[in-house]
Amino acid sequence: MLLFFVSDHYRFYELKNKVKMSTYLAASMIQHVGNNRTDKALTKDDFGRIAWASCLNFFHTKSMCTPWPFKIYYAMVVDWVKRVNSNSYQFQLCYATTYRGTSPLTLNRDCESVKTITLAEVQEKDPELVCDKDGEEQVCIECCYRSNIFDKSKLGFFILTPKPYKSLEYQTNNYFTYRMVFTPKPGLFPAKNS
């Protein structure tokens, strides 16, 4: 039993660390993917490529795609806010998941329309998204493994059962979630749904 527990403990922190590294990699790619373009604005295709590349530290092949041999898939959710005034923010949700598709440009990905939300709504998403001055922007990126048919044995667990978490867009089937907030380079957002 002790050996199973030690094995599970190592596997748990290994997967948690892989999601953390995926998040940092995705954030870096978001900041730099448009460096050589005149129009720096990100697109939904950029998010598909970023999600695909950032999850390869665990999924070395197309195992992140259906039929999901590990019974999990990868999800990346990005919330962008820009302060208009003390109680008004522009907001855009962008995401990409490997739930559907077999290549970066066929993934389930989207950049929703920009809308206006209140300070309270920003704080509910993540308190670190709150901006200090008008015109300031923040991005919250969250990466995780998701499952509708979670099977701990497919991930190599014997005793421990990882608990699901609620994501930025309120999905509750997220495992090994990691979230970070950063200030984006000017011109990256709002992203284009093209």
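### Considering the nonpolar core
Ile-30, Phe-47, Met-76, Ile-141 and Phe-189 are the most contacted members of the largest nonpolar core, which has 38 residues in total. The residues contacting Met-76, other than those within four sequence positions of it, are Ala-26, Phe-47, Ile-50, Ala-51, Cys-94, Tyr-95, Ala-96, Ile-141, Glu-142 and Cys-143. Membership of the second largest hydrophobic core comes to 12 residues, among which are Val-81, Tyr-89, Leu-93 and Val-122.

### Re the pattern of salt bridges
Here the structure, examined in full by the defined rule, presents eight salt bridges. Through salt bridges with shared partners, a single ionic network connects Arg-37, Asp-46 and Arg-49.

### Things to note about the packing of helix α1 (residues 2-32) against helix α2 (residues 44-54)
Contact geometry of α1 with α2 gives a least axis separation of 9 Å together with a crossing angle of 145°. Seen from above, α1 lies across α2 with right-handed handedness. Contacts between α1 and α2 involve Ser-22, Leu-25, Ala-26, Met-29 and Ile-30 from the former and Phe-47, Ile-50, Ala-53 and Ser-54 from the latter.

### Some thoughts on the packing of aromatic side chains
A ring pair, where both rings are aromatic, is described by two values, the distance of the centres and the angle of the planes. Applying the stated criterion across every chain yields a total of 18 aromatic pairs. Consider the rings of Trp-68 and Tyr-73, whose centres lie 5.9 Å apart with planes at 35°: the pair is tilted. Grouping residues by exposure puts Trp-68 and Tyr-73 together as buried. Relative to Tyr-175, the ring of Phe-150 has its centre 4.1 Å away and its plane inclined at 10°; by these criteria the two rings are stacked. Of this pair, Phe-150 sits in the loop between β5 (137-146) and β6 (174-182) while Tyr-175 is found in strand β6, placing the two residues 25 residues apart along the sequence. By the ring-pair criterion, three or more aromatic residues cluster together here, those being Phe-12, Tyr-13, Phe-58, Phe-59, Phe-70, Tyr-74, Tyr-145, Phe-157 and Phe-176.

Rules and cut-offs
Residues numbered from 1 in each chain as written. Predicted model: local features only at pLDDT ≥ 70, side-chain atom pairs only at ≥ 80, totals over all residues. Heavy atoms only, no water. Core = buried A, V, L, I, M, F, W, Y, C linked by side-chain atoms within 4.5 Å. Buried < 20%, exposed > 50% of the residue type's maximum accessible area, 1.4 Å probe, protein only. Contact = heavy atoms within 4.5 Å. Salt bridge = Lys/Arg side-chain N within 4 Å of Asp/Glu carboxyl O. Axes fitted to C-alpha atoms, helices over the stretch in contact; angles between N-to-C directions. Helix = DSSP H or I, 4+ residues; strand = E, 2+ residues; numbered from the N terminus. Left-handed = near helix turned anticlockwise from the far one by under 90°. Phe/Tyr/Trp six-rings, centres within 6.5 Å; stacked < 30°, edge-to-face > 60°.

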